[in-house]
Amino acid sequence: MNDVSPLATRIGLIRVESFRNLQSVELHLADGFNFFSGGNGAGKTSVLEAVHVLGHGRSFRTAQAGDLVRVGRERFSIFAECRLGLAAAGHDTRLGLGWSRDGWTLRRNNEAVPILSDFVRNLPVVTLDPGSHELISGPSELRRRFLDWLLFHVEPDFLSVWRRYARALRQRNAALRSPFGVSDRELSVWEKELVEAGTRVHDHRERLVSELRTEFLPLLASIAPGLPVEGIRLRSGWSSDTGLADALREGRSSDRERGFTQRGPHRGDWRLQLGNGLDHDQLSRGQGKLAALTSLLAQAALLRKHRGDWPVLSCDDLAAELDDEHQARLLEWLSRTGAQVLITGTSTLTLPTTAPPARMFHVEQGRIAQLL
Ligand SMILES: Nc1ncnc2c1ncn2[C@@H]1O[C@H](COP(=O)(O)OP(=O)(O)O)[C@@H](O)[C@H]1O
Ligand SMILES: [Mg+2]
């Protein structure tokens, strides 16, 4: 049996109030595997969603925090006692997050944290859910968010560079829509800042994608060896023949017509390079899920590499997502990491013999009982 790694972010106690159908739930999670079983609509996904919201400040199912508040209530709250990897080795950190129409309430060790981005730095969580295949075939926004979330955690100045870029982009877009028109000279003022910040955003992404590639390919070999993926390619968001400054200059008249900036890292993307001349749309749904799974595990492995500790890993509805063989490969891999793992399913699961001790919970009508 593996020892549970001390280099993993872990949640010990978690308390959830008025979140989805969970009325008032208190759980003591195991450091290794935690398995939640129960029928459809019991509240299993809601448990993982609560953990995800504590780590990201947003759900993987909805962009509206209001959807998460239990019907008939005004506010949800999530509280957890966590061991946050290396940085806080040996110390428990208490994280509390609440949401109502008035906004977020965020507390770390009983002290108010005014800014959500400061709060969500604490608890990295990577979630595989039934919507994850969208990462491969869905809109580019999801793939940008995937990269930028990782950069947010591993690159200290990324957030400020990204904010500079976003501000200059808003200003250039506002200028493009000005009813009085905008001269090239005026546009060039915003473009200078866009180019400076945008080039740095792109450079960060480029470095990260090259590291992601290094994690991705061996993972693919151990989890989904049949998948025809040969690499990962970053798209900058503008023509590769020119620098960003030229691309913006060349795009001015068309941008004026459309009223927004059509080129730049806000339009960047990354795609898997598929073998056999395949296109992403030609992957089967199951293959798409495996590709998304492997990408998310590579994301987790990169976090581990940079921060020193594994994020909390959640897999929603594992049995519905993967066939038996891939499930076994995934569980084997997960058990070797020593990460804290949360898994849901409608039936029980066979864990590999190498897995750390598991804790089982049964979920029914928003109530949760610990079985073992
Ligand atoms: N805001 C809400 N308030 C109360 N119940 C909700 C809310 N949002 C969703 N639900 C209900 O919570 C139940 C549990 O959902 P979910 O966690 O997705 O179940 P499971 O994953 O176990 O199938 C569902 O019946 C769903 O309709
Ligand atoms: Mg579910």
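Residues numbered from 1 in each chain as written. Chains lettered and ligands numbered in written order. Predicted model: local features only at pLDDT ≥ 70, side-chain atom pairs only at ≥ 80, totals over all residues. Heavy atoms only, no water.

So, the side chain of Asp 309
Right, on to step 1. As for its position among the elements, Asp 309 is in the loop between α9 (285-307) and β11 (312-315).
Right, on to step 2. Owing to a relative accessible area of 2%, Asp 309 belongs among the buried residues under this scheme.
Right, on to step 3. In this structure the side chain of Asp 309 is engaged in a polar contact, spanning 2.6 Å, whose partner is the side chain of Thr 9. (Helix = DSSP H or I, 4+ residues; strand = E, 2+ residues; numbered from the N terminus. Buried < 20%, exposed > 50% of the residue type's maximum accessible area, 1.4 Å probe, protein only. Polar contact = N/O pair within 3.5 Å; in protein donor to acceptor, adjacent residues only side chain to side chain.)

Looking at the pattern of salt bridges
Right, on to step 1. Tallying each qualifying case throughout the model produces 23 salt bridges.
Right, on to step 2. With a shortest N-O distance of 3.3 Å, Arg 164 and Glu 196 are connected by a salt bridge. A residue pair is termed long-range when its members are at least 10 positions apart, and Arg 164 in helix α5 (residues 158-176) and Glu 196 in helix α6 (residues 184-223) qualify at 32 residues.
Right, on to step 3. For Arg 164, a relative accessible area of 22% gives the class partly exposed.
Right, on to step 4. Asp 309 is paired through a salt bridge with Arg 307; the nearest N and O atoms lie 3.6 Å apart.
Right, on to step 5. Given the relative accessible area of 24%, Arg 307 is considered partly exposed.
Right, on to step 6. Beyond isolated ion pairs, a larger network of salt bridges with shared partners links Arg 172, Asp 184, Glu 191, Arg 252, Asp 255 and Arg 256. (Salt bridge = Lys/Arg side-chain N within 4 Å of Asp/Glu carboxyl O.)

Here's the deal with the layout of surface pockets
Right, on to step 1. By volume, the largest pocket is sized at about 1,200 Å³.
Right, on to step 2. Lining the largest pocket are 34 residues, and of these His 56, Arg 58, Arg 145, Phe 146 and Trp 149 sit closest to its centre.
Right, on to step 3. Of all the secondary-structure elements, those providing two or more residues to the lining of the largest pocket are α1 (44-56), α2 (116-119), β8 (125-128), α3 (134-137), α4 (140-154), α5 and α9.
Right, on to step 4. Among the elements that take part in the lining of the largest pocket, α4 stands out by supplying 8 residues, more than any other.
Right, on to step 5. In terms of residue class, the lining of the largest pocket is built from 15 nonpolar, 10 polar and 9 charged.
Right, on to step 6. Quantified by volume, the second largest pocket comes out at close to 170 Å³.
Right, on to step 7. For the second largest pocket, the lining is made up of 13 residues, of which Asn 40, Gly 41, Ala 42, Lys 44 and Thr 45 are closest to its centre.
Right, on to step 8. Per-element tally for the lining of the second largest pocket: the top contributor is α1, with 3 residues.
Right, on to step 9. A breakdown of the residues in the lining of the second largest pocket according to their chemical character gives 1 nonpolar, 8 polar and 4 charged. (1 Å grid on protein atoms, 1.4 Å probe; cavity = no way out; pocket = protein on both sides within 12 Å on 5 of 7 lines; lining within 4 Å. Points joined across faces, edges and corners; volume = space filled by probe spheres on them. Nonpolar A, V, L, I, M, F, W, Y, C, P; charged D, E, K, R; others polar.)

Considering the nonpolar core
Right, on to step 1. Grouped together as the largest cluster of nonpolar side chains are 67 residues, with contacts concentrated most on Leu 272, Leu 330, Leu 334 and Ile 343.
Right, on to step 2. Other than its neighbours up to four places away in sequence, Leu 272 contacts Ile 136, Phe 216, Val 229, Gly 231, Ile 232, His 280 and Ala 291.
Right, on to step 3. Ile 78, Phe 152, Leu 159 and Phe 361 belong to the second-largest nonpolar core, a separate cluster that totals 40 residues. (Core = buried A, V, L, I, M, F, W, Y, C linked by side-chain atoms within 4.5 Å. Contact = heavy atoms within 4.5 Å.)

Observations regarding the environment of Gly 277
Right, on to step 1. Within the secondary structure, Gly 277 is located in the loop between β10 (269-274) and α9.
Right, on to step 2. Once the C-alpha coordinates of Gly 277 and Pro 228 are considered, the two residues, 49 residues apart in sequence, prove to be 9.6 Å apart.

Re the site of ligand 1
Right, on to step 1. Neighbouring ligand 1 are 15 residues, the closest being Gly 41, Gly 43, Lys 44, Thr 45 and Ser 46.
Right, on to step 2. Residue Lys 44 places a side-chain N or O atom 2.7 Å away from an oxygen atom belonging to ligand 1.
Right, on to step 3. Here Val 69 contributes a backbone N or O atom positioned 2.8 Å from a nitrogen atom of ligand 1.
Right, on to step 4. Protein chains bury 69% of the 580 Å² of accessible surface belonging to ligand 1 in isolation.
Right, on to step 5. Looking at the shell around ligand 1 residue by residue, the classes come out as 3 nonpolar, 7 polar and 5 charged. (Near = heavy atom within 4 Å. Areas by Shrake-Rupley, 256 points an atom, 1.4 Å probe, with all protein chains shown as cover.)

Topic: the sheet that holds strand β7 (residues 111-112)
As a general point, the strands of a sheet are linked pairwise by backbone hydrogen bonds and lie either parallel or antiparallel.
Right, on to step 1. Strand order in the open sheet formed by 6 strands is β2-β1-β4-β5-β6-β7, and the pairing between neighbours is antiparallel. The sheet terminates laterally at β2 (22-28) and β7, the two strands that pair on one side only.
Right, on to step 2. Inspection of the sheet shows strand β5 (residues 92-100) paired to strand β6 (residues 103-108) by 6 bridges, in the antiparallel sense. Looking at the pairing, Gly 98 lines up with Thr 105 of β6.
Right, on to step 3. The strands touched by α1 are β1 (10-19), β2, β4 (75-83), β5 and β6; relative to β1, the strand with the most contacts, the crossing angle is about 110 degrees. (Pairing = 2+ DSSP bridges. Axes fitted to C-alpha atoms, helices over the stretch in contact; angles between N-to-C directions.)

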